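Breakdown of the fold
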Amino acid sequence: MSDRVLIFDTTLRDGEQSPGCSMNLQEKLTLARQLAKLGVDIIEAGFPIASEGDLESVKAISRAVREPVICALARTRAADIEHAQEALAEAARPRIHTFIATSDIHLEHKLRMSREQVLAEVDRAVRQARRYVDDVEFSAEDATRSDWDFLVEVFSAAVAAGASTLNVPDTVGYTTPSEYHALISYLRQHVEGAAEACFSLHCHNDLGLAVANSLAAIRAGARQVECTVNGIGERAGNTAMEEVVMVLKTRRDAFEGVDTGIVTSEIYPTSRMLSSIIGVPVQPNKAVVGDNAFAHEAGIHQDGVLKHSMTYEIMTPQSIGRPSNELVLGKHSGRHAFRERLLELGFDVQDDAFEAAFKRFKALADKKKSIYNEDLEAIVCDTVRQADDRFVLGDLSIVSGTFAAPHATLELAVDGEPHRATAQGTGPVDAVFRAIAELTQTKSELLRYQVNAITAGMDAQGEVSVTLSEDARRVIGHGAHTDIIVASAKAYVHALNKLEWHKRRHDVAEPKGI
Ligand code: KIV
Ligand code: ZN
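This write-up is about the structure you can find in this document. (Residues numbered from 1 in each chain as written. Chains lettered and ligands numbered in written order. Predicted model: local features only at pLDDT ≥ 70, side-chain atom pairs only at ≥ 80, totals over all residues. Heavy atoms only, no water.)

Let us look at the coordination of the zinc ion (ligand 2). Within the protein, the zinc ion (ligand 2) binds to Asp14 (OD), His202 (NE2) and His204 (NE2); these donor distances fall in the range 2.0 to 2.2 Å. Each donor residue of the zinc ion (ligand 2) belongs to the same chain, and together they define the spacing D-x187-H-x1-H. Note that aspartate 14 is positioned in the loop between strand S1 (6-9) and helix H1 (25-38) and histidine 202 in strand S7 (residues 198-203), a separation of 188 residues in sequence. As far as the burial class goes, aspartate 14 and histidine 202 line up, both buried. (Donors = N, O, S within 2.8 Å, 3.2 Å for Na, K, Ca; no water. Helix = DSSP H or I, 4+ residues; strand = E, 2+ residues; numbered from the N terminus. Buried < 20%, exposed > 50% of the residue type's maximum accessible area, 1.4 Å probe, protein only.)

Let's shift gears to empty space enclosed by the protein. In total, this model carries three cavities of 30 Å³ or more according to the counting rule given. The space that makes up the second largest cavity amounts to roughly 110 Å³. Around the second largest cavity, the lining is made up of 14 residues, and of these Asn24, Asp389, Asn497, Lys498 and Trp501 lie nearest the centre. By residue class, the composition of the lining of the second largest cavity is two nonpolar, four polar and eight charged. When residues are assigned to domains, the lining of the second largest cavity turns out to be shared by domain 1 (6-278) and domain 3 (385-505), each giving three or more. (1 Å grid on protein atoms, 1.4 Å probe; cavity = no way out; pocket = protein on both sides within 12 Å on 5 of 7 lines; lining within 4 Å. Points joined across faces, edges and corners; volume = space filled by probe spheres on them. Nonpolar A, V, L, I, M, F, W, Y, C, P; charged D, E, K, R; others polar. Domains from an automatic or database assignment.)

Contacts to ligand 1 come from 12 residues, most closely from Arg13, Asp14, Thr171, His202 and His204. The side chain of histidine 204 places a nitrogen or oxygen atom 3.0 Å from an oxygen atom of ligand 1. Within the complex, 99% of the 260 Å² of free accessible area of ligand 1 lies under protein. When residues of the shell around ligand 1 are traced back to their parent elements, those giving at least two are strand S4 (94-101), strand S5 (135-141) and strand S6 (165-170). Considering only residue class, the shell around ligand 1 consists of three nonpolar, six polar and three charged. (Near = heavy atom within 4 Å. Polar contact = N/O pair within 3.5 Å; in protein donor to acceptor, adjacent residues only side chain to side chain. Areas by Shrake-Rupley, 256 points an atom, 1.4 Å probe, with all protein chains shown as cover.)

Below, the structure written as structure tokens:
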């Protein structure tokens, strides 16, 4: 058995399905390039039948990212597979990933199909996909709640029809490590053609077991891990890529030398990039990439680490590419240093976007003595975001304090047309939000408003997250500025642009309730 585990990254598909984690095309491209630098083997770039936006982003990623396999998701329906093939037409190494549910509960209540019909559908869909590409993956949705012998039949049919990767999803995060281990072992023993196939795992984290289950499947011989950066994904998320990779690296002894091809020093930059793009912070105590993952607070630990780092550190911050929070650039830094620094952070920003980002960097450096990596990430993500925005924030002025009722005047371009509004509010943020709501005519509801300082110091940039909902769609907007009222306006406008972007997506499939 090979001792190499393939990393199948589904941040752009399963991850993007989680509330508030949607990304536009530029954002997806930026992240896909970074995933390639990280060394993932397969990028699941989207679900092309789900929307025009998904189709276009899989096409763009197929054109731009040539090293990893680019994969598109499709139900077993013929139209889904045709869309996947269209989206992957320009990919250097295309893969179609087709799936159908196999548990009785899904067959009876969702698909309303018999087991025989499902078997026929698997055969037809895999054969259709094989006419378009050589590399076909088949998933039995809700495998962990399916009858094991039916799964054997389904996977045997998929192999006979030409699938080379067999994915065994724990769709609802229900299984346990010993049970999943037994299931993968059983399938490896009984599926016809199992020896030639690569078994794959796909775990959800509903009971907090996604990583443990994934490791159990690897022990049982699975050689593809489906995972996401920071563990984002439907509901409680998917297996966290950084955790599985670092377990395998740190505990090679416990996993018989099994390893991945991940460039671990790119883990932290990738985690930061995703977090700044989607505007969802990583929880401070998150394993491997959380703020506190390497912070030794207790005196006895600090003393030990100072004497010998291995007393309390099982891996080093450098091994995951975690920089000390050193000053990276200042107001005298030029274009070259700025571009180099962005490249190190994984952002390859070109032309007008680069000039716009550089201008913002200079403006920030005039206001703020120390510019940190986090400041640069905030600038670039803000610039990338504006590429296809319907609403663009212009100047704004606020009066607030104890003498007068807070009010705000601001300019906002709607579809390129400049508009101006003045509004009063209970406080300056309320006044700004009212003015923006008036100009955008939004019907959305504000669910959450959150402010953080991006870095330490009195002159730190404020980072604001705004969660909005409209028609059961939930989005998170993100804005950063040294003035938190401006950061709030940016975050609100960003969230409104995300809602607009969803409206333009024209969903043609059922909602992506996989
Ligand atoms: O969770 C799941 O079952 C999925 C499949 C499409 C692989 O995401
Ligand atoms: Zn999933």
